[in-house]
Amino acid sequence: MTDHPLRLAAVDVLIIGAGISGIGAAFHLQKSCPTLSYTIIEARSELGGTWDLFKYPGIRSDSDLFTFGYDFKPWVGEKAIADGASIKAYIAQAARENGIDPNIRFQHRVVDTNWLTAKRCWKVTLRQEDTGEELQIEARWIFTAAGYYRYDEGFTPDFPDQTMFAGQVVHPQRWPENLDYTGKRVVVIGSGATAVTLVPAMADKAAHVTMLQRTPTYVLPVPSKDPVARRIRPLLGNKMAHAFARRFNIAKQRWVYSFCQRYPDTARSLIRKMNIKMLPVGYPVDVHFNPPYKPWEQRMCAVPGGDLFKVISSGKASIVTDQIERFTATGIKLRSGEHIEADVIVTATGLNLLPLGGIRPRIDGAEVPLSERVTFKGMLLSDVPNFAIAVGYTSSSWTLKIGLLCEHFTRLLNHMEKQGYAVCTPKADPAMETEPLLNFGAGYVQRSMNELPRQGKAFPWTMSWNYASDIRILRKGKVDHPALQFLPKAVTR
């Protein structure tokens with residue numbers, strides 16, 4: 001490690017993260033702010049973020065790619081709910097087609113971000129992961145697209161006597177490349193999107209797969225192929241099919257979410273009827289598919305082609321709803337007294353949230369207490385200059401919001417260029433009433449709620465979850481606001 005870190009060329013915008021959000025941000029910068037320079041910093045050796053990290057069987061999106069993908073790049077894959085490798089290839093193609101690749105610095109991890117008031121820029125310290133060498137770069141703006149969870153480890157509860165188990169315990173976030181579960185009894189602990197993906201994906205090779213859940217989740221069968229795109233694509237081509245399917249699926253997501261919020265009992269009843277239809281006669285649906293919360297208080301699990309229901313109906317997989325008492329040498333003993341035999345246990349028990357991808361911004365050397373900051377339009381932080389964050393939807397496709405944030409961000413940059421401004425800092429009333437940033441009941445969110453910034457209760461400090469409203473605010477609304485403090489470019493002598 002050098003005593004005097006090397007300096008990289010200064011940039012207008014430093015994008016942190018080369019996943020789907022970071023590549024999207026780069027595209028919008030190139031398109032709308034062609035005179036501004038940018039660099040993407042990526043700690044991993046490849047782009048893709050989540051879709052490069054996770055390697056477990058069946059890894060796939062839980063949103064359709066017509067809304068999860070970019071509006072500027074048609075999704076031409078056959079499956080609407082796509083596998084991880086296809087999504088990574090899609091992101092890589094978008095970067096390659098738009099000349100973004102040369103602006104990515106791989107295996108560079110951000111270790112410090114310090115705003116220099118006198119210079120009106122960020123000084124960012126990077127570490128090369130392969131050599132340990134430190135480098136520094138100055139940037140007028142930081143755009144954090146580094147995700148929201150820890151990449152090095154997932155969340156696993158402290159199960160009693162876990163070390164007694166003679167088989168293999170695996171977390172999906174660190175899936176071993178050589179794991180052979182052929183002919184073995186597998187227990188998948190969890191009931192979220194990862195669990196309902198793993199169970200059907202592992203059922204073909206395993207002797208049997210048991211999904212062990214403490215609490216049921218709402219599970220909805222969805223078509224494997226998008227019906228709108230499938231019909232329109234042969235007639236109008238990929239671009240038009242993507243646009244039509246995107247609009248249709250956005251409207252469908254909004255309708256389903258609104259219906260569940262307004263008529264939760266009816267929504268629960270309809271989901272129950274769908275589950276009954278997909279499962280064998282007499283299956284205990286009210287035991288295994290009856291969550292104690294209302295629809296969309298937590299994210300629903302979409303299963304393309306009803307694959308989870310199919311492997312349950314075939315007898316290749318089963319669901320047990322109970323609590324774990326302890327691990328044993330040969331499996332798991334439950335509170336009910338039942339014992340589940342297992343050769344492999346997969347702990348699909350969630351993520352560890354890592355606000356801003358672990359970035360801890362400082363201002364003139366003093367660390368910013370994130371939990372005391374309030375978000376402005378869901379993309380800036382109070383009292384933090386020139387610092388944008390990428391937080392997407394939890395009740396819809398994550399990237400629908402990210403795309404609108406990128407549009408608004410570039411509009412803000414162009415406004416500042418036109419007016420001769422160098423610094424933009426949101427200023428919130430210290431007495432303003434606030435509430436948690438995310439209205440989401442998932443365990444990984446609840447565990448880290450007091451580490452996140454907060455939101456206010458009135459515009460522009462609220463976190464909007466409505467796509468139509470965000471179009472008005474982020475795509476069409478004014479970028480200037482009395483709560484934003486602008487400073488001109490520093491005078492050089």
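Conventions used here
Residues numbered from 1 in each chain as written. Predicted model: local features only at pLDDT ≥ 70, side-chain atom pairs only at ≥ 80, totals over all residues. Heavy atoms only, no water. Helix = DSSP H or I, 4+ residues; strand = E, 2+ residues; numbered from the N terminus. Rg over C-alpha atoms; globule rule 2.2 N^0.38 Å. Buried < 20%, exposed > 50% of the residue type's maximum accessible area, 1.4 Å probe, protein only. Contact = heavy atoms within 4.5 Å. Lys, Arg positive; Asp, Glu negative; His and termini not counted. Charge placed at Lys NZ, Arg CZ, Asp CG, Glu CD. Pairing = 2+ DSSP bridges. Axes fitted to C-alpha atoms, helices over the stretch in contact; angles between N-to-C directions. Disulfide = S-S within 2.5 Å. Nonpolar A, V, L, I, M, F, W, Y, C, P; charged D, E, K, R; others polar. Salt bridge = Lys/Arg side-chain N within 4 Å of Asp/Glu carboxyl O. Parallel < 35°, antiparallel > 145°, perpendicular 65-115°, else oblique. Left-handed = near helix turned anticlockwise from the far one by under 90°. Expected span 1.5 Å × (residues − 1). Patch = residues over 30% accessible without salt bridge, like charges linked within 9 Å, V, L, I, M, F, W, Y side chains within 5 Å. Areas by Shrake-Rupley, 256 points an atom, 1.4 Å probe, with all protein chains shown as cover. Polar contact = N/O pair within 3.5 Å; in protein donor to acceptor, adjacent residues only side chain to side chain.

Asker: Give me the overall build of the protein chain: which residues, what numbers.
Answerer: Secondary structure summary: the protein chain contains twelve helices and 26 strands in total. In terms of overall dimensions, the protein chain is globule-like: its C-alpha atoms have a radius of gyration of 24 Å, near the 23 Å expected for 493 residues. Taking the principal axes of its C-alpha atoms as reference, the protein chain extends roughly 80 × 55 × 50 Å. Burial analysis of the protein chain (493 residues in total) assigns 54% to the buried set. Sequence-distant contacts in the protein chain: of pairs separated by 6 or more residues, those separated by 24 or more amount to 70%. Of the charged side chains in the protein chain, 60 are positive and 47 negative, and the gap between their average positions amounts to 7 Å.

Asker: Before we move on, can you summarise the environment of G190 with the specific residues and values?
Answerer: Within the secondary structure layout, G190 lies in the loop between β9 (185-189) and α5 (193-203). Sequence separation between G190 and P227 is 37 residues; the distance between their C-alpha atoms is 31 Å. Each residue touching G190, except ones within four places of it in the same chain, is listed here: A195, M211, L212, Q213 and A348.

Asker: Kindly report on the pairing of strand β17 (residues 344-347), identifying the contributing residues and their values.
Answerer: Residues V344 and V346 of β17 are buried on one face, and the alternating residues I345 and T347, pointing to the opposite face, are buried as well. Two elements, strand β8 (residues 168-170) and β17, share three bridges in a ladder whose sense is parallel. Among the inter-strand pairings, V169 is bridged to a residue of β17, identified as I345. With four bridges connecting them, β9 and β17 associate as parallel partners. Bridge pairing in β17 links V188 to V346.

Asker: Explain the sheet that holds β9 residue by residue, including any values.
Answerer: Taken in spatial order, the five strands make up an open sheet running β8-β17-β9-β10-β13, and their pairing is parallel. Pairing within the sheet leaves two strands with one partner each, and these edge strands are β8 and β13 (317-321). Along the sheet, successive strands turn relative to each other by an average axial angle of 20 degrees, direction set aside. For strand β10 (residues 208-213) and β13, the ladder comprises five bridges, and the chain directions are parallel. Bridge assignment links T210 to a residue of β13, and that residue is S318. With respect to the sheet, α5 is in contact with β9, β10, β13 and β17, its orientation differing from that of β10 by roughly 165 degrees.

Asker: Please set out the state of the cysteines residue by residue, giving values where relevant.
Answerer: In this structure the tally under the stated criterion is zero disulfides. Cysteine C260 is unpaired, with the sulfur of C301 as its nearest cysteine sulfur at 14 Å.

Asker: How would you summarise the packing of helix α6 (residues 227-262) against helix α7 (residues 264-278) if you had to cite specific residues and measurements?
Answerer: Two measures define how a pair of helices packs: the angle their axes make with one another and the distance between the axes. For the pair α6 and α7, interaxial distance at closest approach is 5 Å and the crossing angle is 115 degrees. Between α6 and α7, the contacting residues are F259, C260, Q261 and R262 on the first element and P264, T266, A267 and L270 on the second. In terms of residue class, the contact of α6 with α7 is made up of five nonpolar, two polar and one charged.

Asker: Outline the side chain of T144, supporting the account with residue identities and numerical values.
Answerer: Checked against the element boundaries, T144 lands in strand β7 (residues 134-144). With a relative accessible area of 3%, T144 lands in the buried category. Excluding residues that lie within four positions of it along the chain, T144 makes contacts with I16, L356, I359, F387, A388, I389 and A390.

Asker: Explain the pattern of salt bridges to me, using residue names and the numbers behind them.
Answerer: Here the structure, examined in full by the defined rule, presents 24 salt bridges. A salt bridge links R140 to D12; the shortest N-O distance between them is 3.0 Å. You can see R140 sitting in strand β7 and its partner D12 sitting in strand β2 (residues 11-16), a full 128 residues away along the chain. A salt bridge links K427 to D383, with the shortest nitrogen-to-oxygen separation between them at 3.1 Å. Placement of the pair is K427 in the loop between β23 (421-426) and β24 (434-436) and D383 in the loop between β21 (380-381) and β22 (387-389), with a sequence separation of 44 residues. On the basis of relative accessibility, which here comes to 31%, the residue D383 falls in the partly exposed class. Here the residues in one salt-bridge network are R44, E46, D52, K55 and K88, joined through shared partners.

Asker: Outline the packing of α5 against helix α9 (residues 307-314), listing residues and values.
Answerer: Where α5 contacts α9, the two axes come as close as 9 Å, and the packing angle between them is 50 degrees. Viewed along their axes, α5 and α9 adopt a mutual orientation that is oblique. As for the relative orientation of α5 and α9, their crossing is left-handed in sense. Where α5 abuts α9, its residues V196, V199, P200 and A203 lie against D307, L308 and V311. Class assignment of the residues belonging to the contact of α5 with α9 gives a composition of six nonpolar, no polar and one charged.

Asker: Before we move on, could you go through helix α10 (residues 398-419) and cite the residues and values that matter?
Answerer: An α-helical turn contains 3.6 residues, so a residue and the one three or four places further along point in the same direction. A rise of 1.5 Å per residue sets the reference length of α10, with its 22 residues, at 32 Å; its end C-alpha atoms lie 32 Å apart and thus fit the reference within 8%. In terms of burial, α10 is largely enclosed, as 16 of its 22 residues are buried. Where α10 terminates, the next one or two residues include G420, which has phi positive at roughly 80 degrees.

Asker: Which residues make up a nonpolar patch on the surface, and what are the values?
Answerer: Together, L235, L236, M240 and F244 make up an exposed nonpolar region whose accessible area comes to about 410 Å². Tracing the chain through its elements places M240 in helix α6.

Asker: Could you give me a rundown of the environment of D204, with the residues and numbers involved?
Answerer: Tracing the backbone through its elements, the reader meets D204 in the loop between α5 and β10. In this structure the C-alpha to C-alpha distance between D204 and C424, which are 220 residues apart in sequence, comes to 55 Å. Only 3.5 Å separates the side chain of D204 from the side chain of K316, close enough to count as a polar contact.

Asker: Describe the sheet that holds strand β15 (residues 331-334), and please don't skip the residues or the numbers.
Answerer: With respect to topology, three strands assemble into an open sheet ordered β14-β15-β16, the strand pairing being antiparallel. Looking at the sheet topology across the chains shown, the edges are occupied by β14 (324-328) and β16 (339-341). Pairwise comparison of adjacent strand axes, ignoring direction, gives a mean angle of 20 degrees for this sheet. Two elements, β14 and β15, share four bridges in a ladder whose sense is antiparallel. Within β15, the residue paired with I324 across the bridge is L334.

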